[in-house]
Amino acid sequence: MDKSSFIGIFFGICTLVLGMLLKGSSLEVLLNPAAIVIIVLGTFACVFIAFPFADIKRIPKLFRVLFSNRKGMTQQEIIEQFVDYASISRRDGMLALEGKIDEIEDPFFKQAIRMMIDGQDPDYIRHSLHERIDAMQERHASGAAIFSQAGTYSPSLGVLGAVLGLIAALGNLDDITMLGESIAAAFVATLLGIFFGYVLWHPFANKLKRKSTMEVLHQHMIIEGTVAIIGGSSPRSVEEYLSVYLEEKEQQRGKGGVRRDDVAEAEI
């Protein structure tokens, strides 16, 4: 579960509710069926028009990505794995890694190790895996674009809802009380449009982009670790080379996700 998504939504709702209460507004005005229909259904209509159905079908999966953490190795664990593989390959040969393939859950990682064991040329491995990354980034970009566009449409639909509400309000000019309520209700659509657009849809798009960036980073580490082992790099060299992907503080501490004693032992 991605706790930050839930926490962000909670605080976003709290901000809206507390802001209205502090301004002396009634929360009942938010329960405006017309405004909700215009914003929610209107946004869905715009998204359906803007994107092919093949992309629309991925929306449920995108929500799962937003509210769950991808099960995979951390950067430190990737480094540990490659240090172990470098040690095995230097001691027992590259084919000794074949027994490790079934232990790998990440399809990208598994493909990289299988290509390495098959004796593929490093340039071919790098090119093939980079093509796979490019294709994945294109899929991820199209998913993030759905929420980004939804964030653009919602505030505009809020203005549309306000205009429709004001048109209805003009029909109540003889009743001052009803006129005030109608005007207030008209701006609820604008409020909801801005809230959905800038508190939900745009942040959702950013979260998807960030998760995609982290996945790409891990895959680049896998590519470089694979090529380093093919080149005959020592476990310590592999560990130090892949440590450049870590934060600067971890590099300075010399952690690299692997204890120095383990690296020294692997090189014996």
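Residues numbered from 1 in each chain as written. Predicted model: local features only at pLDDT ≥ 70, side-chain atom pairs only at ≥ 80, totals over all residues. Heavy atoms only, no water.

The name given to the protein in an unreviewed UniProt entry is Flagellar motor protein MotA, and the organism recorded there is Shouchella lehensis. Note on the protein: under the UniProt heading Subcellular location (unreviewed entry), the record states "Cell membrane". You can read under Sequence similarities (unreviewed entry) in the UniProt record for the protein the words "Belongs to the MotA family." (UniProt positions renumbered as here; feature names shortened; annotations may be inferred.)

> Help me out: how do you make sense of the overall build of the protein in this one?
In terms of helices and strands, the protein carries 11 helices and zero strands. Along the protein, helices and strands appear, N-terminal first, in the series α-α-α-α-α-α-α-α-α-α-α. Expressed as a percentage of its 268 residues, the buried residues of the protein come to 38%. Of the contacts formed within the protein by residues at least 6 apart in sequence, a portion of 75% connects residues at least 24 apart. (Helix = DSSP H or I, 4+ residues; strand = E, 2+ residues; numbered from the N terminus. Buried < 20%, exposed > 50% of the residue type's maximum accessible area, 1.4 Å probe, protein only. Contact = heavy atoms within 4.5 Å.)

> How should the packing of aromatic side chains be read in this particular structure?
Ring pairs (aromatic) are described by centroid distance and by the angle formed between their planes. A full pass over the atoms with the stated rule returns 13 aromatic pairs. Between the aromatic rings of Phe 82 and Tyr 85, the centroid separation amounts to 6.2 Å while the plane-to-plane angle is 80°, which identifies the pairing as edge-to-face. Note that Phe 82 and Tyr 85 are positioned in helix H5 (residues 75-92) at a spacing of three residues, about one turn of the helix. Pair check on accessibility: Phe 82 and Tyr 85 agree, each one buried. When the centroid spacing of 6.0 Å and the interplanar angle of 65° are considered together, the rings of Trp 201 and Phe 204 count as edge-to-face. One end of the pair is Trp 201 and the other is Phe 204, both in helix H8 (residues 176-230) and three residues apart, which spans about a single turn. With a relative accessible area of 8%, Phe 204 lands in the buried category. A connected cluster of aromatic rings, assembled from ring pairs, spans Phe 6, Phe 63, Phe 67, Phe 147, Phe 195, Phe 196, Trp 201 and Phe 204. (Phe/Tyr/Trp six-rings, centres within 6.5 Å; stacked < 30°, edge-to-face > 60°.)

> Looking at this structure, I do not really get helix H4 (residues 59-66). What am I missing?
Residue pairs three or four apart in sequence face the same way in an α-helix, which turns once every 3.6 residues. Regarding H4, the residues found buried are Ile 59, Leu 62 and Leu 66. The buried residues of H4 occupy an angular sector of 55° when projected down its axis, which confines them to one face. Facing away from the buried side of H4, by more than 90 degrees, are the exposed residues Lys 61 and Arg 64. (Arc of directions from axis to C-beta.)

> Help me understand the environment of Ser 234 in this model?
Mapped onto the elements of the fold, Ser 234 is located in the loop between H8 and helix H9 (235-242). Given a relative accessible area of 11%, Ser 234 falls into the buried group. Along the backbone, Ser 234 and Val 83 are 151 residues apart, and their C-alpha atoms lie at a distance of 8.2 Å.

> Can you help me understand the packing of H4 against helix H7 (residues 122-169) in this one?
How two helices sit against one another is set out by the angle between their axes and by the gap between those axes. At a minimum axis distance of 11 Å, the contact between H4 and H7 shows a crossing angle of 90°. Here H4 is positioned roughly perpendicular relative to H7, judged by the angle of their axes. On the side of H4, the interface is formed by Ile 59, Leu 62, Phe 63 and Leu 66, while H7 contributes Gly 143, Ile 146 and Phe 147. The residue makeup of the contact of H4 with H7, split by class, is six nonpolar, one polar and no charged. (Axes fitted to C-alpha atoms, helices over the stretch in contact; angles between N-to-C directions. Parallel < 35°, antiparallel > 145°, perpendicular 65-115°, else oblique. Nonpolar A, V, L, I, M, F, W, Y, C, P; charged D, E, K, R; others polar.)

> Can you help me understand the UniProt feature "transmembrane region" (unreviewed entry) in the protein in this one?
Following the UniProt record, the feature "transmembrane region" (unreviewed entry) maps to residues 5-22, 34-54, 146-170 and 182-201 here. End-to-end, the C-alpha atoms of residues 5-22 are 26 Å apart, and along that stretch the chain is 100% helix and 0% strand. In the segment residues 146-170, helix accounts for 96% and strand for 0%; the C-alpha atoms at its two ends are 36 Å apart.

> Just to check I follow, could you spell out the nonpolar core for this structure?
Soluble, globular proteins show a tendency: their nonpolar side chains are buried together. Within the largest apolar cluster, 31 residues are counted, with the highest numbers of intra-cluster contacts made by Phe 82, Tyr 85 and Ile 113. Listed by contribution, the elements that provide at least two residues to this core are H5, helix H6 (107-117), H7, H8 and H9. Once residues lying within four places of it in the same chain are set aside, the contact partners of Ile 113 are Phe 82, Tyr 85, Ile 101, Ile 104 and Thr 226. Ile 59, Leu 66, Ile 146 and Leu 157 belong to the second largest nonpolar core, which has 26 residues in total. (Core = buried A, V, L, I, M, F, W, Y, C linked by side-chain atoms within 4.5 Å.)

> Got a minute to help me understand helix H2 (residues 33-50) in this structure?
With 18 residues, H2 should reach 26 Å at 1.5 Å per residue; the first-to-last C-alpha distance of 25 Å fits that figure. Three or more residues of H2 are buried, namely Ala 35, Ile 39, Gly 42, Thr 43 and Val 47. Its side-chain oxygen 3.2 Å from the backbone nitrogen of Ala 34, Asn 32 forms the N-cap of H2. (Expected span 1.5 Å × (residues − 1). Polar contact = N/O pair within 3.5 Å; in protein donor to acceptor, adjacent residues only side chain to side chain.)

> Help me understand a positive patch on the surface in this model?
Judged by side-chain charge, Lys 61, Arg 64, Arg 132 and Arg 139 come together as a positively charged surface patch. Tracing the backbone shows Arg 132 in helix H7. (Patch = residues over 30% accessible without salt bridge, like charges linked within 9 Å, V, L, I, M, F, W, Y side chains within 5 Å. Areas by Shrake-Rupley, 256 points an atom, 1.4 Å probe, with all protein chains shown as cover. Salt bridge = Lys/Arg side-chain N within 4 Å of Asp/Glu carboxyl O. Lys, Arg positive; Asp, Glu negative; His and termini not counted. Charge placed at Lys NZ, Arg CZ, Asp CG, Glu CD.)

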